[in-house]
Every structure is written in C-alpha cells, then in structure tokens.
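Structure at a glance
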Amino acid sequence: WLTGFTGTAGTAVVLRDSAALFVDGRYTLQAATQVEPSLYEVCHVTGDTMGNWIAAHLGKGARLGYDPWLHSQRQADLLRAACGRCGARLVALPENPLDAIWTDRPPAPVAPIFSHGEAFAGVRAEDKLSHVADLLRDGGDDAAVLTATDSIAWLLNLRGGDVPYAPLFMAFALVHADATAEVFVDRRKLLAEVRRRLGNTVTFSPAEDFAAALDRLGVAKRQVRVDPERAPEAVIARLRKAGARLHLDPDPCLLPKARKNAVELAGIRAAHRRDGVAL
C-alpha cells in the first residue's frame, strides 16, 4: 500500500526527505516497474545494504521509528546498530503510523481453520505436543512462544487459508511443558470439528488475549523459550517487563518439523508427480 510494490518480501525505510525499498534478487525488475523512482530508491538487500543506507541518510540525533510487532529482536538489533553508526536512535512506536492513514485497508482474513488429517501428517498432534514438551523440559523451560505460522500449523495438524498459495492461518501460540497448548486466533475461523479433535489439550482464545497471557507467564516467573530470530521484539519486551525468565533459543518446532516421516515423504513425492504432470 505504501510503495506500490506487490512482491511477497521487502522492507521500506521512509525518512523525512528520502526513502528506499530493499528487495532480494527475485524482485529487482518488478520493483523497478512498480515503485515511483522519484520517491523511492530501489536497493538489493545484500549484506548490510539497508544498515549502510540508514547510516548514510539518517542524521545525528535523529530518531528512527519502528513497529516492534513487525520486527524480531535480531532485526531490531541490526537497525539499532545502523542508527548507532550515525549518532541516531531507534525508537519502538506504541502505534504503527500506517494504521492511522491506511483508511481503506482490507479486513483481516477469516478463512476457516481445518484439520490436516493423520493420513497426511503421519503423526497425531498430541504426539507432536508431547515431543515438543519433552524438548522444553530438557531445556528447563516451562513454556515456549510460537509466532511462526508454519510451526503452529505443523504442531497442531491444522491448516487455513489466510495467506495466498500457502495453507496457513494467522495466530500466536504458547506450548507448555505439560504438553498442552494455547492458541490465540480469531475464533470465527474455527470449525467445530477442530475443537472436538483437539479436545482439552489445546485451548483457543481471541488473538487480543495473547499479550495478557504473556503477562501471566511473567507474573508466575516462568522460564519461557522465545526465538529471537522469529518472534516479534514486542513479545520479548513484554515477557521481560512482566518478570519472565527468558530463554532465547530457536523455535522448538523447527527441527522436528524438518525431519519428515514416511507419510510426509510419500506426500511430497505424490505432490511432485501431480506438479510434474501439470507442468
């Protein structure tokens, strides 16, 4: 909406007198045709290109705002370092300024969430939860925050339609060391069949309750595993402020999700055959 660029990945930096759009090699040609060159400099995001651009264009004493719900701690640290090189300061904003001016923004998607059956997943969601709970206990963790939509979908054997061309749904989740989980999502998306299948192991709450759940973990002085590469920085800040003991480590679903079982491997091969015929 802000730049006119319609690719799936990119970062825009907007200063008072200049702006740039950073894209990878897939989009250099597309961005050049979609973005107004008098407004945005289109840059290839290699190495520290964005950090160098910020350091060169942001003056001493300036403040660079960012939305901590849209940047991981790792990403924010890189921006903070770029600001430090030119004597500027990175500032977390309580509200995203785009939300105030994007008045014709499309509504959030409400595609239904449905089960991805064991015939395709190969492993029950309950067994996946038990395995992840074992990993948490091995690390001394009471809970883990999941913010990656693919991790949540894999762990619970659920799929959705919030993202074009990917069977994902927007949600946050907490996984506990007792092999239970809390999912924070727009409950209009939930089919009754999903609730029945997961039973009491998984509870579903409105997305707006997520922040309060983080506070409860902090008040209880829980040790919480959070992925600094993927979780929004706001999640880490909220847990730290509430008093939680933070364990910054990769998403516990990443490695189990990458280890495909026999059923998943058969599904991948079948998908490639169908894809090959279509091509």
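Going by the structure above, here's the rest.
So, here's what we can say about the structure. Each chain has its residues counted from 1, following the order in which its sequence is written. With pLDDT at 70 or above as the cut-off, local features in this predicted model cover only qualifying residues; side-chain atom pairs require 80 or more to be listed or tallied, and sums for whole chains, interfaces and linings still use all residues. For side-chain calculations, the full set of non-hydrogen atoms in the structure is used, while hydrogens and water are omitted.

Some words on the nonpolar core
Ranked by internal contacts, the top residues of the largest apolar core, which has 27 residues, are Leu-155 and Phe-204. Those elements that place two or more of their residues in this core are helix H6 (125–138), strand S7 (143–146), helix H7 (149–156), strand S9 (172–176), strand S10 (181–184), helix H8 (192–198) and strand S11 (202–205). We count a stretch as a helix when DSSP gives it H or I for four or more residues in a row; a strand needs E for two or more, and each element gets its number in order from the N terminus. With five residues, the single largest contributor to this core is H7. Among buried residues, those of type Ala, Val, Leu, Ile, Met, Phe, Trp, Tyr and Cys that are joined through side-chain atoms within 4.5 Å constitute a nonpolar core. The buried label applies to any residue whose accessible area, calculated with a 1.4 Å probe on protein chains only, is under 20% of its type's maximum; exposed applies above 50%, and partly exposed to all values in between. The next biggest cluster of nonpolar side chains, apart from the first, holds 17 residues, and it includes Val-13, Ala-20, Trp-53 and Ala-88.

Regarding the sheet that holds strand S3 (residues 41–44)
Neighbouring strands of a sheet are bound in pairs by backbone hydrogen bonds; such pairs are parallel or else antiparallel. Taken together, the three strands give an open sheet; going across it, the order is S1-S2-S3, and neighbouring strands pair in mixed fashion. Each edge of the open sheet carries a strand with a single partner, namely strand S1 (11–14) and S3. The sheet shows a mean angle of 20 degrees between the axes of neighbouring strands, direction not considered. The pairing of strand S2 (residues 19–23) with S3 spans four bridges and is classified as parallel. Considered in S3, the bridge of Phe-22 is made with Cys-43. DSSP-based pairing: two strands are paired if at least 2 bridges between them are found. Whenever a helix is involved, its axis is fitted only over the stretch in contact; in every case the axis is a line through C-alpha atoms, and angles between N-to-C directions fall within 0 to 180 degrees.

Here's the deal with the packing of helix H3 (residues 73–85) against helix H10 (residues 233–242)
At a minimum axis distance of 8 Å, the contact between H3 and H10 shows a crossing angle of 100 degrees. With respect to each other, H3 and H10 are oriented roughly perpendicular. On the side of H3, the interface is formed by Gln-73, Ala-76 and Arg-80, while H10 contributes Glu-233, Ile-236 and Arg-240. Gly is placed with the polar residues, together with every amino acid not listed as nonpolar (Ala, Val, Leu, Ile, Met, Phe, Trp, Tyr, Cys and Pro) or charged (Asp, Glu, Lys and Arg). Residues belonging to the contact of H3 with H10 are distributed by class as follows: two nonpolar, one polar and three charged. Roughly parallel means an angle under 35 degrees; roughly antiparallel means over 145; roughly perpendicular covers 65 to 115; every other angle is labelled oblique. We call two residues in contact when some of their heavy atoms are within 4.5 Å.

Re unusual backbone geometry
For Ala-179, which is not glycine, the phi dihedral falls at a positive 70 degrees. Although it is not a glycine, Lys-221 adopts a positive phi angle of roughly 60 degrees. Here Lys-221 lies in the loop between helix H9 (210–219) and strand S12 (223–226).

Considerations on the packing of aromatic side chains
Two aromatic rings, drawn from Phe, Tyr or Trp (for Trp, its six-membered ring), form a pair once their centres lie within 6.5 Å of each other, and the interplanar angle then sorts them: stacked below 30 degrees, edge-to-face above 60, tilted otherwise. Applying the stated criterion to the full structure yields seven aromatic pairs. Between the aromatic rings of Phe-184 and Phe-210, the centroid separation amounts to 5.4 Å while the plane-to-plane angle is 55 degrees, which identifies the pairing as tilted. Linking Phe-184 in strand S10 with Phe-210 in helix H9, this pair joins segments that are 26 residues apart in sequence. Phe-184 sits in the buried class, given a relative accessible area of 1%. Ring-pair connections join several aromatic residues into one group, and the members of that group are Trp-69, Phe-172, Phe-184 and Phe-210.

Regarding the side chain of Arg-225
Among the secondary structure elements, Arg-225 is positioned in strand S12. What makes Arg-225 buried here is its relative accessible area of 11%. Separated by 2.8 Å, the side chain of Arg-225 and the backbone oxygen of Pro-250 make a polar contact. Counting of polar contacts relies on pairs of N or O atoms within 3.5 Å, with two restrictions inside protein: one atom must be capable of donating a hydrogen and the other of accepting it, and residues adjacent in sequence are counted only when both atoms are side-chain atoms.

Looking at the packing of helix H2 (residues 49–57) against H3
Axis angle and axis distance: for two packed helices, these are the angle between their axes and the distance between the axes, and together they describe the pair. One way to put it is that H2 packs onto H3 with a least axis distance of 8 Å and a crossing angle of 35 degrees. Between H2 and H3 lies a crossing of right-handed hand. Here Met-50, Gly-51, Asn-52, Ile-54 and Ala-55 of H2 lie close against H3, whose contacting residues are Leu-79, Ala-82 and Arg-85. In terms of residue class, the contact of H2 with H3 is made up of five nonpolar, two polar and one charged. Put simply, a crossing is left-handed when the front helix is turned counterclockwise from the back one by less than a right angle, and right-handed when it is turned clockwise.

Some points on the pattern of salt bridges
In what follows, salt bridge is the name for a side-chain nitrogen of Lys or Arg lying within 4 Å of a carboxyl oxygen of Asp or Glu. The tally for this structure, following the rule as stated, stands at 14 salt bridges. For the salt bridge of Arg-137 with Asp-134, the shortest nitrogen-to-oxygen distance reads 2.2 Å. Of this pair, Arg-137 and Asp-134 both sit in helix H6, three residues apart, roughly one helical turn. Residue class for Arg-137 comes out partly exposed when judged on its relative accessible area of 46%. Ionic pairing is found between Asp-142 and Arg-245, a salt bridge with its closest N-O pair at 3.7 Å. Pair noted here: Asp-142 is in the loop between H6 and S7 and Arg-245 is in strand S13 (residues 245–248), with a separation of 103 residues, a long-range link. A relative accessible area of 28% places Asp-142 in the partly exposed class. Salt bridges sharing common partners tie together Asp-77, Arg-80 and Glu-233.

Points about H6
Because an α-helix packs 3.6 residues into every turn, residues spaced three or four apart end up facing the same way. Any helix carries an expected span of 1.5 Å times its number of residues minus one. Between its first and last C-alpha atoms H6 spans 20 Å; for 14 residues at 1.5 Å apiece the expected length is 20 Å, and the two agree. Among the residues making up H6, those that are buried are Ala-125, Lys-128, Leu-129, Val-132, Ala-133 and Leu-136. Buried residues along H6 cover an arc of 135 degrees about the axis, so they all sit on one side. Along the arc lie the directions from the helix axis toward the C-beta atoms.

The quantities given are spatial measurements derived from coordinates; they are silent on function.
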